[in-house]
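# Descriptive analysis of the structure
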Amino acid sequence: MNTITKGVDLVLRLVITFAFAVLVACVIWQVFSRYVLESPSTVTDEMARFLFIWVALLGGAYTLGQRRHLAIDLLPQVTSGNLRLTVNAAIILAIATFAALVMIYGGVDLVNRTLSTGQVSPALRLPMGLVYIAIPFSGICILYYCLTFLADLFRSGRGPNDQEGTPKAGGPLD
(Lines give C-alpha, C1' and ligand atoms only; values in the text may rest on other atoms or scores of the structure.)
Protein backbone atom coordinates (compact mmCIF):
# COMPACT_ATOMS: atom_id res chain seq x y z
CA MET A 1 0.00 0.00 0.00
CA ASN A 2 2.94 2.31 0.66
CA THR A 3 4.01 2.05 -3.00
CA ILE A 4 0.51 2.94 -4.20
CA THR A 5 0.39 5.90 -1.81
CA LYS A 6 3.74 7.15 -3.09
CA GLY A 7 2.39 6.86 -6.64
CA VAL A 8 -0.78 8.79 -5.76
CA ASP A 9 1.36 11.43 -4.03
CA LEU A 10 3.61 11.73 -7.08
CA VAL A 11 0.71 12.07 -9.53
CA LEU A 12 -0.99 14.70 -7.36
CA ARG A 13 2.27 16.61 -6.90
CA LEU A 14 2.92 16.66 -10.65
CA VAL A 15 -0.63 17.70 -11.58
CA ILE A 16 -0.73 20.41 -8.90
CA THR A 17 2.70 21.76 -9.87
CA PHE A 18 1.86 21.83 -13.58
CA ALA A 19 -1.57 23.39 -13.02
CA PHE A 20 -0.10 26.01 -10.68
CA ALA A 21 2.66 26.90 -13.19
CA VAL A 22 0.07 27.35 -15.95
CA LEU A 23 -2.12 29.33 -13.53
CA VAL A 24 0.73 31.72 -12.76
CA ALA A 25 1.51 32.11 -16.48
CA CYS A 26 -2.17 32.89 -17.18
CA VAL A 27 -2.30 35.53 -14.46
CA ILE A 28 0.95 37.13 -15.62
CA TRP A 29 -0.32 37.25 -19.20
CA GLN A 30 -3.66 38.63 -18.00
CA VAL A 31 -1.95 41.48 -16.13
CA PHE A 32 0.42 42.17 -19.03
CA SER A 33 -2.34 42.18 -21.65
CA ARG A 34 -4.60 44.35 -19.51
CA TYR A 35 -2.11 47.05 -18.45
CA VAL A 36 0.53 47.00 -21.18
CA LEU A 37 -1.43 45.97 -24.28
CA GLU A 38 -4.66 47.53 -22.95
CA SER A 39 -6.60 44.55 -24.31
CA PRO A 40 -7.38 42.01 -21.56
CA SER A 41 -7.42 38.36 -22.51
CA THR A 42 -10.71 36.67 -21.62
CA VAL A 43 -9.28 33.23 -22.33
CA THR A 44 -6.53 33.42 -19.73
CA ASP A 45 -8.93 34.92 -17.19
CA GLU A 46 -11.29 31.97 -17.51
CA MET A 47 -8.45 29.44 -17.64
CA ALA A 48 -6.96 30.88 -14.45
CA ARG A 49 -10.31 30.48 -12.66
CA PHE A 50 -10.66 26.86 -13.74
CA LEU A 51 -7.06 26.03 -12.84
CA PHE A 52 -7.54 27.63 -9.43
CA ILE A 53 -10.46 25.25 -8.80
CA TRP A 54 -8.30 22.25 -9.70
CA VAL A 55 -5.29 23.44 -7.68
CA ALA A 56 -7.42 24.15 -4.60
CA LEU A 57 -9.27 20.81 -4.64
CA LEU A 58 -6.28 18.64 -5.52
CA GLY A 59 -4.07 20.62 -3.15
CA GLY A 60 -6.52 19.96 -0.34
CA ALA A 61 -6.51 16.23 -1.10
CA TYR A 62 -2.70 16.15 -1.29
CA THR A 63 -2.32 18.11 1.93
CA LEU A 64 -4.67 15.71 3.70
CA GLY A 65 -2.59 12.79 2.44
CA GLN A 66 0.57 14.41 3.82
CA ARG A 67 -1.15 14.94 7.19
CA ARG A 68 -0.49 18.67 6.90
CA HIS A 69 -4.11 19.79 6.67
CA LEU A 70 -5.71 22.20 9.08
CA ALA A 71 -7.00 20.21 12.03
CA ILE A 72 -8.60 20.88 15.36
CA ASP A 73 -7.13 18.00 17.30
CA LEU A 74 -8.34 18.79 20.80
CA LEU A 75 -10.16 15.48 21.35
CA PRO A 76 -7.34 13.21 20.18
CA GLN A 77 -4.86 15.16 22.31
CA VAL A 78 -6.82 14.86 25.54
CA THR A 79 -7.72 11.17 25.16
CA SER A 80 -5.64 8.03 25.36
CA GLY A 81 -5.88 4.31 24.80
CA ASN A 82 -9.00 2.86 23.20
CA LEU A 83 -10.88 6.15 23.47
CA ARG A 84 -8.18 7.90 21.44
CA LEU A 85 -8.33 5.13 18.84
CA THR A 86 -12.13 5.50 18.66
CA VAL A 87 -11.94 9.31 18.35
CA ASN A 88 -9.35 9.09 15.58
CA ALA A 89 -11.41 6.45 13.77
CA ALA A 90 -14.51 8.67 14.03
CA ILE A 91 -12.57 11.63 12.59
CA ILE A 92 -11.34 9.55 9.67
CA LEU A 93 -14.80 8.12 9.04
CA ALA A 94 -16.35 11.61 9.10
CA ILE A 95 -13.87 12.82 6.47
CA ALA A 96 -14.41 9.67 4.40
CA THR A 97 -18.19 10.04 4.60
CA PHE A 98 -18.00 13.64 3.40
CA ALA A 99 -15.66 12.65 0.57
CA ALA A 100 -17.87 9.74 -0.50
CA LEU A 101 -21.27 11.41 -0.27
CA VAL A 102 -20.63 15.04 -1.09
CA MET A 103 -17.54 15.00 -3.26
CA ILE A 104 -17.81 11.69 -5.11
CA TYR A 105 -21.56 10.99 -5.25
CA GLY A 106 -22.62 14.63 -5.46
CA GLY A 107 -19.70 15.55 -7.71
CA VAL A 108 -20.42 12.76 -10.20
CA ASP A 109 -24.09 13.83 -10.24
CA LEU A 110 -23.05 17.46 -10.88
CA VAL A 111 -20.68 16.41 -13.68
CA ASN A 112 -23.34 14.22 -15.33
CA ARG A 113 -26.05 16.89 -15.11
CA THR A 114 -23.70 19.55 -16.46
CA LEU A 115 -22.51 17.37 -19.34
CA SER A 116 -26.07 16.33 -20.22
CA THR A 117 -27.22 19.95 -20.48
CA GLY A 118 -24.29 20.80 -22.73
CA GLN A 119 -23.18 23.75 -20.62
CA VAL A 120 -19.93 25.23 -21.93
CA SER A 121 -17.70 27.99 -20.64
CA PRO A 122 -18.09 31.38 -22.34
CA ALA A 123 -14.52 32.02 -23.52
CA LEU A 124 -12.90 28.59 -23.87
CA ARG A 125 -16.09 26.79 -25.00
CA LEU A 126 -15.01 23.96 -22.70
CA PRO A 127 -17.70 21.61 -21.33
CA MET A 128 -18.20 22.68 -17.72
CA GLY A 129 -18.41 19.04 -16.66
CA LEU A 130 -14.68 18.76 -17.37
CA VAL A 131 -14.02 21.59 -14.93
CA TYR A 132 -16.26 20.02 -12.28
CA ILE A 133 -14.56 16.62 -12.59
CA ALA A 134 -12.04 18.02 -10.09
CA ILE A 135 -14.64 17.50 -7.33
CA PRO A 136 -15.12 13.71 -7.59
CA PHE A 137 -11.46 13.19 -8.49
CA SER A 138 -10.37 14.97 -5.31
CA GLY A 139 -12.99 13.05 -3.37
CA ILE A 140 -11.55 9.75 -4.61
CA CYS A 141 -8.07 10.84 -3.53
CA ILE A 142 -9.36 11.91 -0.10
CA LEU A 143 -11.25 8.63 0.31
CA TYR A 144 -8.12 6.68 -0.61
CA TYR A 145 -6.07 8.59 1.96
CA CYS A 146 -8.76 7.97 4.58
CA LEU A 147 -8.57 4.23 3.93
CA THR A 148 -4.79 4.32 4.35
CA PHE A 149 -5.24 6.36 7.55
CA LEU A 150 -7.66 3.76 8.94
CA ALA A 151 -5.26 0.94 8.12
CA ASP A 152 -2.41 2.89 9.72
CA LEU A 153 -4.55 3.67 12.78
CA PHE A 154 -5.41 0.06 13.48
CA ARG A 155 -1.90 -1.18 12.62
CA SER A 156 0.19 1.36 14.56
CA GLY A 157 -2.25 3.58 16.47
CA ARG A 158 -1.19 6.62 14.40
CA GLY A 159 -4.09 9.06 14.02
CA PRO A 160 -4.83 11.27 11.01
CA ASN A 161 -3.14 14.28 12.64
CA ASP A 162 -0.08 12.48 14.00
CA GLN A 163 3.07 13.49 12.16
CA GLU A 164 5.86 10.98 11.60
CA GLY A 165 9.15 12.05 13.17
CA THR A 166 10.31 15.65 13.10
CA PRO A 167 8.39 17.94 10.78
CA LYS A 168 10.30 18.88 7.63
CA ALA A 169 11.01 22.48 6.74
CA GLY A 170 9.40 23.63 3.55
CA GLY A 171 6.06 23.67 1.84
CA PRO A 172 3.50 20.98 1.14
CA LEU A 173 5.03 20.09 -2.23
CA ASP A 174 8.48 19.24 -0.85
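Refer to the structure presented above.
Okay, so let's go over this structure. Keep in mind the model is a prediction, meaning the values are calculated, not measured.

## What about the environment of I133?
Locating I133 in the fold gives a position in the loop between α5 (128-132) and α6 (134-156). Note on I133: relative accessible area 33%, which makes it partly exposed. Measuring from C-alpha to C-alpha, the distance between I133 and I16 comes to 15 Å, with 117 residues separating the pair along the chain.

## Considerations on helix α4 (residues 81-117)
Residues three or four positions apart in an α-helix share a direction because the helix packs 3.6 residues into each turn. With 37 residues, α4 extends 52 Å between its outermost C-alpha atoms, agreeing within 8% with the 54 Å of an ideal straight helix rising 1.5 Å per residue. The axis of α4 is deflected most strongly, by about 25 degrees, at G107. Among all positions in α4, only V87, N88, A89, I92, A96, A99, M103, I104, G107, V111 and T114 are buried. Summarising the contacts, the buried residues of α4 are in contact with α2 (42-65), α3 (74-78), α5 and α6. Positioned one or two residues after α4, G118 has a phi angle of 75 degrees, which is positive.

## A closer look at the nonpolar core
One finds L12, I92, I142 and Y145 to be the most contacted residues of the largest nonpolar core, which totals 19 residues. Mapped onto this core, the elements with two or more residues apiece are α1 (2-35), α2, α4 and α6. At eight residues, the largest contribution of residues to this core is made by α6. If we ignore the near neighbours within four places in the chain, the residues touching Y145 are T5, V8, D9, L12, A61, Y62, L64 and G65. In terms of nonpolar packing, the next biggest core, distinct from the first, is built from six residues, A19, C26, L51 and V55 among them.

## With respect to the state of the cysteines
By definition, a disulfide links the sulfur atoms of two cysteines through a covalent bond. Scanning all chains against the criterion turns up zero disulfides. Between C146, a free cysteine, and C141, which holds the nearest cysteine sulfur, the sulfur-to-sulfur gap is 11 Å.

## Quick word on the side chain of S138
Within the secondary structure layout, S138 lies in helix α6. Once you skip the residues sitting within four places of it in the chain, S138 turns out to touch L57, L58, A61 and M103.

## Let's talk about the pattern of salt bridges
Counted by the stated rule, this structure contains five salt bridges. Ionic pairing is found between R158 and D152, a salt bridge with its closest N-O pair at 3.3 Å. A single burial state applies to R158 and to D152, both of which are buried.

## Concerning a nonpolar patch on the surface
On the surface, V27, W29, V31, F32, Y35, V36 and L37 cluster together to form a nonpolar patch covering roughly 700 Å² of accessible area. Mapped onto the secondary structure, Y35 falls in helix α1. Accessibility expressed as a relative area gives 62% for Y35, which makes it exposed.

## Notes on the packing of α1 against α6
It is the contact of α1 with α6, at a shortest axis distance of 11 Å, that shows an interaxial angle of 150 degrees. Regarding the angle of α1 to α6, the classification is roughly antiparallel. The element α1 and its partner α6 pack so that their crossing is left-handed. Where α1 approaches α6, its residues I4, T5, V8, D9 and L12 are matched on the opposing element by F137, C141, Y144, Y145 and T148.

## What to know about unusual backbone geometry
Phi is positive for R67, close to 60 degrees, though the residue is something other than glycine. With respect to the secondary-structure elements, R67 resides in the loop between α2 and α3. Unlike most non-glycine residues, R125 shows phi in positive territory, near 60 degrees. Along the chain, R125 turns up in the loop between α4 and α5. On the basis of relative accessible area, R125 is assigned to the exposed category, the value being 57%.

Here is what the cut-offs are and how they apply
- Residues numbered from 1 in each chain as written.
- Predicted model: local features only at pLDDT ≥ 70, side-chain atom pairs only at ≥ 80, totals over all residues.
- Heavy atoms only, no water.
- Helix = DSSP H or I, 4+ residues; strand = E, 2+ residues; numbered from the N terminus.
- Buried < 20%, exposed > 50% of the residue type's maximum accessible area, 1.4 Å probe, protein only.
- Expected span 1.5 Å × (residues − 1).
- Bend = angle between axes of the 7 residues up to and from the residue.
- Contact = heavy atoms within 4.5 Å.
- Core = buried A, V, L, I, M, F, W, Y, C linked by side-chain atoms within 4.5 Å.
- Disulfide = S-S within 2.5 Å.
- Salt bridge = Lys/Arg side-chain N within 4 Å of Asp/Glu carboxyl O.
- Patch = residues over 30% accessible without salt bridge, like charges linked within 9 Å, V, L, I, M, F, W, Y side chains within 5 Å.
- Areas by Shrake-Rupley, 256 points an atom, 1.4 Å probe, with all protein chains shown as cover.
- Axes fitted to C-alpha atoms, helices over the stretch in contact; angles between N-to-C directions.
- Parallel < 35°, antiparallel > 145°, perpendicular 65-115°, else oblique.
- Left-handed = near helix turned anticlockwise from the far one by under 90°.

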